[in-house]
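Chain by chain, the residues run as shown.
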Amino acid sequence: MKVAKGERMGASFGIAALPEPALLVDSAGNVVELNRLAAETFDRPRKAGFPVSEVVAARPLAEWLASERAEPLRIRAEARRSDGVPITVELRASDIGSGALCLLRELPRDRFGGEAQRYFDGAFDRSPIGMALFDTAGRYTRVNDALCELLGISREELIGRRDQEFTHPDDRQSDIDEAWRILRGEIDTAYQHKRFVRPSGEIVWVIACMTFLRDDAGNPLSWVGQFVDVTDAKLLEADLRRLAGVDTLTGMPNRRALEERIQAALDADREGALLLIDIDGFKQINDFGGHPFGDQVLRDVGRAIAASVRRDDEAGRWGGDEFAVLIYDADPRSVERVSDAVEAAVADLDVSPVTISASVGSASFGDGSLPARDRDELLAAADADMYRRKRLRSEE
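Residues numbered from 1 in each chain as written. Predicted model: local features only at pLDDT ≥ 70, side-chain atom pairs only at ≥ 80, totals over all residues. Heavy atoms only, no water.

This part is about the confidence of the model for the protein chain. Caution applies to low-pLDDT regions: their predicted coordinates should not be interpreted in detail. A residue-level look at the protein chain finds 90% of positions with pLDDT of 70 or above and a mean pLDDT of 85. The least confident element of the protein chain is helix H3 (residues 111-126), whose mean pLDDT is 69; the most confident is helix H4 (residues 145-151), at 94. Taken as a whole, residues 1-12 scores under 50 in pLDDT and shows 25 contacts with residues more than four places along the chain or in a different chain. (pLDDT = per-residue confidence, 0-100. Helix = DSSP H or I, 4+ residues; strand = E, 2+ residues; numbered from the N terminus. Contact = heavy atoms within 4.5 Å.)

So, in structure tokens, the structure goes:
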């Protein structure tokens, strides 16, 4: 049936009553109206305004629309249901002057295709790892039980919502960046560590694998996501990192951790100072009470130093009988006050019958007029100042 060019589409066709999914498509290939069956199949509003290629991959349809449309069109095509699952349909298009009326009928799968779909459904639903299908806007269209358990959210609460809603704010941009790399064709699949936030506020670490599916004509179908819970491994990794930076005797940051923080302060161009602290005559302390006594003295010294510095400064054990303090955002007078406080705190320790004292050397950083400009230079300057003070103490 053919009508005059320009007649209002949909008015004369009563597509709402058609027993099959029906689309009214204009000459440019845009869907302008769907009947109820089509709206449900594709999860689209009845009054639309999107390219037909978003729901039906039919290049012959586009070519037919651009032609004189002398004869109706009847072809097999791939469509995508609202849950992202592709289906094969018979598409029948009739010219209506200002566009076309397209009727869709889902074709039964052949035996192999039906078995393949059942295998996919079984693997998806029973997989021990979280799995999801998303539409092209990133909304969940299908999830399995493992993902619901991982996120602590029911299937009903997930469907229709975006993955970004449950992603940790600090990881959302990397999600977007990886998605664009896939869409630009730079990679086929993205693998990354990311964090989900459960409704309880609990953080869940996952390895996320995301792939974008297209049909044979290159039209988008859906995103497929797989999520492996690696929270326990991440917590263990954090513990190991923490232990790698902790002195086992005193529980303070060790030299490795302090060097990293010194370098970070220099890279950030912060102004401050490094104190290196040596316990005077520590060999005599060990000789008097043995190594267990010496170890206890070192623990007491560490606590005394940590208690004597300012709240934002960082104290740690440099190694052996040496300690260090990283002082942030301090002028020379403040550095002197912290240095004096450290010396006094060590001298006030009760380790009778022996006496204890400390030699404290300092070097400043973060000001171009001061000598220390990089980490090695800073350490050398603080070390030299410490031994200068130790020498002066011995001469008194």
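There's more to say after this.
What follows deals with a nonpolar patch on the surface. On the surface, Ile176, Trp180 and Leu183 cluster together into a nonpolar patch covering about 270 Å² of accessible area. With respect to the helices and strands, the residue Leu183 is situated in helix H6 (residues 172-183). (Patch = residues over 30% accessible without salt bridge, like charges linked within 9 Å, V, L, I, M, F, W, Y side chains within 5 Å. Areas by Shrake-Rupley, 256 points an atom, 1.4 Å probe, with all protein chains shown as cover. Salt bridge = Lys/Arg side-chain N within 4 Å of Asp/Glu carboxyl O.)

This brings us to the sheet that holds strand S5 (residues 73-80). Taking strand neighbours across the sheet as the criterion, the seven strands line up as S3-S2-S1-S7-S6-S5-S4 in an open arrangement whose pairing is antiparallel. The sheet is open, and its two edges are formed by strand S3 (50-51) and strand S4 (56-57), each paired on a single side. Examined bridge by bridge, strand S1 (residues 22-26) and strand S2 (residues 30-34) share three bridges and lie antiparallel to one another. From the neighbouring strand, Leu24 faces S2, where its bridge partner is Glu33. (Pairing = 2+ DSSP bridges.)

Moving on, we come to the side chain of Glu33. Topologically, Glu33 is positioned in strand S2. A relative accessible area of 14% means that Glu33 is categorised as buried. Here Lys47 takes part through its side chain, which lies 3.2 Å from a polar atom of the side chain of Glu33. (Buried < 20%, exposed > 50% of the residue type's maximum accessible area, 1.4 Å probe, protein only. Polar contact = N/O pair within 3.5 Å; in protein donor to acceptor, adjacent residues only side chain to side chain.)

Right, let's get into helix H9 (residues 282-308). Between the first and last C-alpha of H9 there are merely 21 Å, a value that for 27 residues lags more than 12% behind the 39 Å anticipated at 1.5 Å per step. Gly290 marks the point of greatest bend in H9, at about 125°, and the proline Pro292 comes within the next four residues. Among all positions in H9, only Phe282, Ile285, Asn286, Gly294, Val297, Leu298, Val301, Gly302, Ala304, Ile305 and Ser308 are buried. Contacts from the buried residues of H9 go to strand S13 (272-279), strand S14 (314-319), strand S15 (322-328) and helix H10 (332-347). (Expected span 1.5 Å × (residues − 1). Bend = angle between axes of the 7 residues up to and from the residue.)

Time to look at H10. Quick reminder: α-helices carry 3.6 residues per turn. Residues three or four places apart thus point the same way. Here H10 spans 23 Å end to end across 16 residues, near enough to the 22 Å set by a 1.5 Å rise per residue. For H10, the full list of buried residues reads Ser334, Val335, Val338, Ser339, Val342, Ala345 and Val346. The buried side chains of H10 occupy one side of the element, clustering within an arc of 140° when seen end-on. For H10, the exposed residues lying more than 90 degrees away from the buried face are Pro332, Arg333 and Arg337. Buried residues along H10 sit against S13, H9, S15 and strand S16 (358-365). (Arc of directions from axis to C-beta.)

Attention shifts here to the side chain of Gln192. By the element assignment, Gln192 lies in strand S10 (residues 189-197). Among the polar contacts listed, one links the side chain of Gln192 to the side chain of Asp175, at a separation of 2.7 Å. Ignoring sequence-local partners within four residues, the contact set of Gln192 consists of Ser174, Asp175, Glu178, Val206, Ile207 and Ala208.

Following the criterion strictly, the structure yields four aromatic pairs and no others. Aromatic pair Tyr140 and Phe166: ring centres 6.2 Å apart, planes at 55°, arrangement tilted. In this pair, Tyr140 sits in strand S9 (residues 140-143) while Phe166 sits in the loop between helix H5 (155-158) and H6, placing the two residues 26 residues apart along the sequence. Note on Phe166: relative accessible area 5%, which makes it buried. Taking the centre distance of 5.4 Å and the plane angle of 65° together, the rings of Phe196 and Phe227 count as edge-to-face. With a gap of 31 residues between them, Phe196 in strand S10 and Phe227 in strand S12 (residues 220-229) connect regions that are remote in the sequence. The exposure classification of Phe196 matches that of Phe227, with both residues buried. Among the aromatic residues, those joined into a cluster by ring pairs are Phe134, Tyr140 and Phe166. The ring of Phe50 has Arg44 lying over it, and the distance from NZ or CZ to the ring centre is 4.2 Å. (Phe/Tyr/Trp six-rings, centres within 6.5 Å; stacked < 30°, edge-to-face > 60°. Lys NZ or Arg CZ within 6 Å of the ring centre and 35° of its normal.)

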